[in-house]
Amino acid sequence: VSPQPGSPHYTAILTPSGCKGGGVGILLSPQCTFQVLTSPPSLLFPSFESHCLRLFSPISLRIAVIYRPPGPVSNFLDNFSSWLTFFLSSEIPTIILGDFNIPVNLNSPATSQLLTLTSFGLTQSTNTSTHSNGNTLDRIFSHLCTSSILTNALLPLSDHSLIRFSLSLLIF
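Residues numbered from 1 in each chain as written. Predicted model: local features only at pLDDT ≥ 70, side-chain atom pairs only at ≥ 80, totals over all residues. Heavy atoms only, no water.

Undergrad: I would appreciate a short explanation of the sheet that holds strand β5 (residues 61-67) in the present structure.
TA: Either a parallel or an antiparallel arrangement is found when strands of a sheet pair, and the pairing is made through backbone hydrogen bonds. Strand order across the open sheet formed by six strands is β3-β4-β5-β6-β8-β7, with mixed pairing between neighbours. This sheet does not close on itself; its edge strands, each paired only once, are β3 (33-37) and β7 (123-124). Where β3 meets strand β4 (residues 49-57), five bridges bridge the pair, whose relative direction is antiparallel. Each bridged residue has a counterpart across the sheet, and for F34 the counterpart in β4 is L55. Relative to β5, helix α1 (residues 76-87) is tilted by about 165°, and along the sheet it contacts β3, β4, β5 and β6 (94-99). (Pairing = 2+ DSSP bridges. Helix = DSSP H or I, 4+ residues; strand = E, 2+ residues; numbered from the N terminus. Contact = heavy atoms within 4.5 Å. Axes fitted to C-alpha atoms, helices over the stretch in contact; angles between N-to-C directions.)

Rendered as structure tokens:
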């Protein structure tokens, strides 16, 4: 039986936000050893929020949770590309997930630009609706590992889906 989120069996690592709907965090099992990673001040952008960890055990992994507030995408893609260059600078398997607030199913330049993140060696595994209005706003990207969606179900207290996925590390 897995511990329930919010129980004493998890550690909550949070980065609060000053804006409505923002803030990011990660729930970790107490068996995890980790270090919170901070971006240099030159890579802190108003176009998105991030919370980053380096997991040491039970597996070696870098994790980033992203929140991009709704609104124009104008600076986000350039800012995010700059941040990715920093975050993906080591050869450690990486997972980047979160609410990007860019509907994939709309035929827009922002959607195609977001999908060009494959140039960073990222693979996107979210390809179905993750929001109650039918859009794909939440994404999971992986680098040097693969992720497979197990379930994608709407939650009663949110307009976003709970996305459960499995992670496989690549052996070199």
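Undergrad: Any chance you could explain the nonpolar core here in plain terms?
TA: Across soluble globular proteins, you tend to see nonpolar side chains buried next to one another. F76, F80, W83, L84 and I96 are the most contacted members of the largest nonpolar core, which totals 20 residues. When residues of this core are traced back to their parent elements, those giving at least two are β5 and α1. Broken down by element, the residue count for this core peaks at six residues, all from α1. Discounting residues that sit within four places of it in the chain, F80 has contacts with F48, I66, I96, F100 and L117. One finds I13, V24, I63 and V65 within the second-largest nonpolar core, a separate group that totals 14 residues. (Core = buried A, V, L, I, M, F, W, Y, C linked by side-chain atoms within 4.5 Å. Buried < 20%, exposed > 50% of the residue type's maximum accessible area, 1.4 Å probe, protein only.)

Undergrad: Is there a simple way to explain the side chain of S39 in this structure?
TA: Inspection of the secondary structure assignment puts S39 in the loop between β3 and β4. Within the structure, S39 has its side chain in polar contact with the side chain of W83 (distance 3.1 Å). Setting aside residues up to four positions removed in sequence, S39 forms contacts with L44, S50, W83 and F86. (Polar contact = N/O pair within 3.5 Å; in protein donor to acceptor, adjacent residues only side chain to side chain.)

Undergrad: Is there a simple way to explain the packing of aromatic side chains in this structure?
TA: The description of two aromatic rings rests on the distance between their centres and on the angle between their planes. This structure, assessed with the given rule, holds ten aromatic pairs. On the numbers, 5.6 Å between centres and 85° between planes, the contact of F48 with F76 is edge-to-face. One end of the pair, F48, is in the loop between β3 and β4; the other, F76, is in helix α1, and 28 residues separate them in sequence. On the basis of relative accessibility, which here comes to 7%, the residue F48 falls in the buried class. Judged by centre distance (5.5 Å) and plane angle (80°), the ring pair of F80 and F100 falls under edge-to-face. You can see F80 sitting in helix α1 and its partner F100 sitting in the loop between β6 and α2 (109-115), a full 20 residues away along the chain. (Phe/Tyr/Trp six-rings, centres within 6.5 Å; stacked < 30°, edge-to-face > 60°.)

Undergrad: Explanation requested: the pairing of β6 in the structure shown.
TA: Looking down a regular strand, the side chains alternate between one sheet face and the other. Burial within β6 is extensive, with five of its six residues counted as buried. Of the pairings in the sheet, the one linking β5 to β6 comprises six bridges and is parallel in character. Across the sheet, the residue bridging to Y67 is D99, located in β6. Regarding topology, α1 serves as the crossover connection from β5 to the parallel β6, and that connection is right-handed. Both β6 and strand β8 (residues 138-143) contribute to a ladder of six bridges, which runs antiparallel. Within β8, the residue paired with I96 across the bridge is F141. (Right-handed = clockwise from strand over helix to strand, strands pointing away.)

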